[in-house]
Amino acid sequence: MRPPILKTEKNSIVAEAYPIGALESNCTLIYSTDTNEAIIVDPGNSYPEIMEIVKEKKLKVVKLIHTHAHFDHIGQTKNIRETTGAKTYLHRNDLSVYEGLNEQSQLFGVEVADPGPVDELLTEDEYFSFDNGPEKLFKVIHTPGHSPGHVCFYSDYFDPPLLIAGDLIFKGSIGRTDLPGGSFEELMDAIKSKIFKLPNETQIITGHGPATILADEKQFNPFLKESFF
Ligand SMILES: [Zn+2]
Ligand SMILES: [Zn+2]
């Protein structure tokens, strides 16, 4: 197990992110130290790595939530769902990307499992949490551009607030927009109109690589700093 890139906690709720698999996709575990229930955002494409963390922390996984349906974020979801009984969540506009997991495997030359069922759809401005709270723990923000149904998850429960950004923004970079369904204009518009309105101190779990802070990306990210200021 590699060390977490970010850990934050408040009361009994912990959020921590680990790089998983060959592409080191950041997987975020949100769990309660009271109940041991866990929500996993972007479980990734390495079943042994994710299950090692789940077992070590004795977590009961209840939800598998995805920023988008590229194999490095969702590739082992079917297997994890079958082992844990957790429900799978994805934005409607990425269903076709998920159903094309096998095409992605050809595109990237990797082995992936067949896609499993999606239990619930993620919708802009809705929230997810544990069934017994805290209420409105993470808000869904639709941020297309890297893929058509890409979403980010924002929580002001934590202090400073937390954004799980998937492949929208990286430290010093942005997500690629040359894959099927991608759009550079949509990606830049999502960052400008939605993400840049969040508090500057928001800490960001990126899809790959180190965590960052929104203010730093506004100031230093070469793809963003010239565009808007
Ligand atoms: Zn991606
Ligand atoms: Zn990725």
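Residues numbered from 1 in each chain as written. Chains lettered and ligands numbered in written order. Predicted model: local features only at pLDDT ≥ 70, side-chain atom pairs only at ≥ 80, totals over all residues. Heavy atoms only, no water.

**Student:** Please set out the nonpolar core residue by residue, giving values where relevant.
**Tutor:** Within the largest apolar cluster, 24 residues are counted, with the highest numbers of intra-cluster contacts made by I30, I65, F128, L137, F138, F153 and F158. Per-element tally for this core: the top contributor is strand 2 (residues 13–20), with 3 residues. The contact partners of F158, leaving out residues within four places of it in the chain, are T8, E9, K10, I13, A15, L137 and F138. (Core = buried A, V, L, I, M, F, W, Y, C linked by side-chain atoms within 4.5 Å. Buried < 20%, exposed > 50% of the residue type's maximum accessible area, 1.4 Å probe, protein only. Helix = DSSP H or I, 4+ residues; strand = E, 2+ residues; numbered from the N terminus. Contact = heavy atoms within 4.5 Å.)

**Student:** Give a description of the pairing of strand 2 that names residues and reports values.
**Tutor:** Extensive coverage of strand 2 is indicated by the burial of 8 of its 8 residues. With burial as the criterion, each face of strand 2 is covered, one bearing I13, A15, A17 and P19 and the other bearing V14, E16, Y18 and I20. Linking strand 1 (residues 6–10) to strand 2, which pair antiparallel, is a turn of 2 residues; within it N11 sits at a positive phi near 50°. Inspection of the sheet shows strand 2 paired to strand 3 (residues 25–32) by 8 bridges, in the antiparallel sense. Residue pairing in the sheet places Y18 in a bridge with C27 of strand 3. Between the end of strand 2 and the start of strand 3, which pair antiparallel, lie 4 residues, with G21 showing a positive phi angle near 80°. (Pairing = 2+ DSSP bridges.)

**Student:** Residues and numbers for the sheet that holds strand 14 (residues 203–206), please.
**Tutor:** The mixed open sheet is built from 6 strands, whose spatial order is 8-9-10-11-14-15. At either end of the open sheet lies a strand with only one pairing partner, and these are strand 8 (127–128) and strand 15 (212–213). With 2 bridges connecting them, strand 14 and strand 15 associate as antiparallel partners. In the sheet register, I204 faces strand 15, and the bridge partner there is T212.

**Student:** Let's hear about the coordination of the zinc ion (ligand 1): which residues, and what values?
**Tutor:** Note on metal geometry: ideal angles are 109.5 degrees for four donors arranged tetrahedrally and 90 or 180 degrees for six donors arranged octahedrally. On the protein side, the zinc ion (ligand 1) has H68 (NE2), H70 (ND1), H146 (NE2) and D167 (OD) as donor atoms, found 2.1 to 2.4 Å from it. Classification of the site at the zinc ion (ligand 1) rests on its 4 donor atoms, whose angles at the metal span 89 to 174°, yielding the label irregular. Metal-to-metal, the separation of the zinc ion (ligand 1) and the zinc ion (ligand 2) is 3.5 Å; D167 coordinates the two. Of the two residues, H70 sits in the loop between strand 5 (60–65) and helix 2 (71–74) while H146 sits in the loop between strand 9 (138–142) and strand 10 (151–155), which places them 76 residues apart along the sequence. Assigned by exposure class, H70 and H146 land together as buried. (Donors = N, O, S within 2.8 Å, 3.2 Å for Na, K, Ca; no water. Tetrahedral: all angles 85-135°; square planar, octahedral: opposite > 155°, others 65-115°.)

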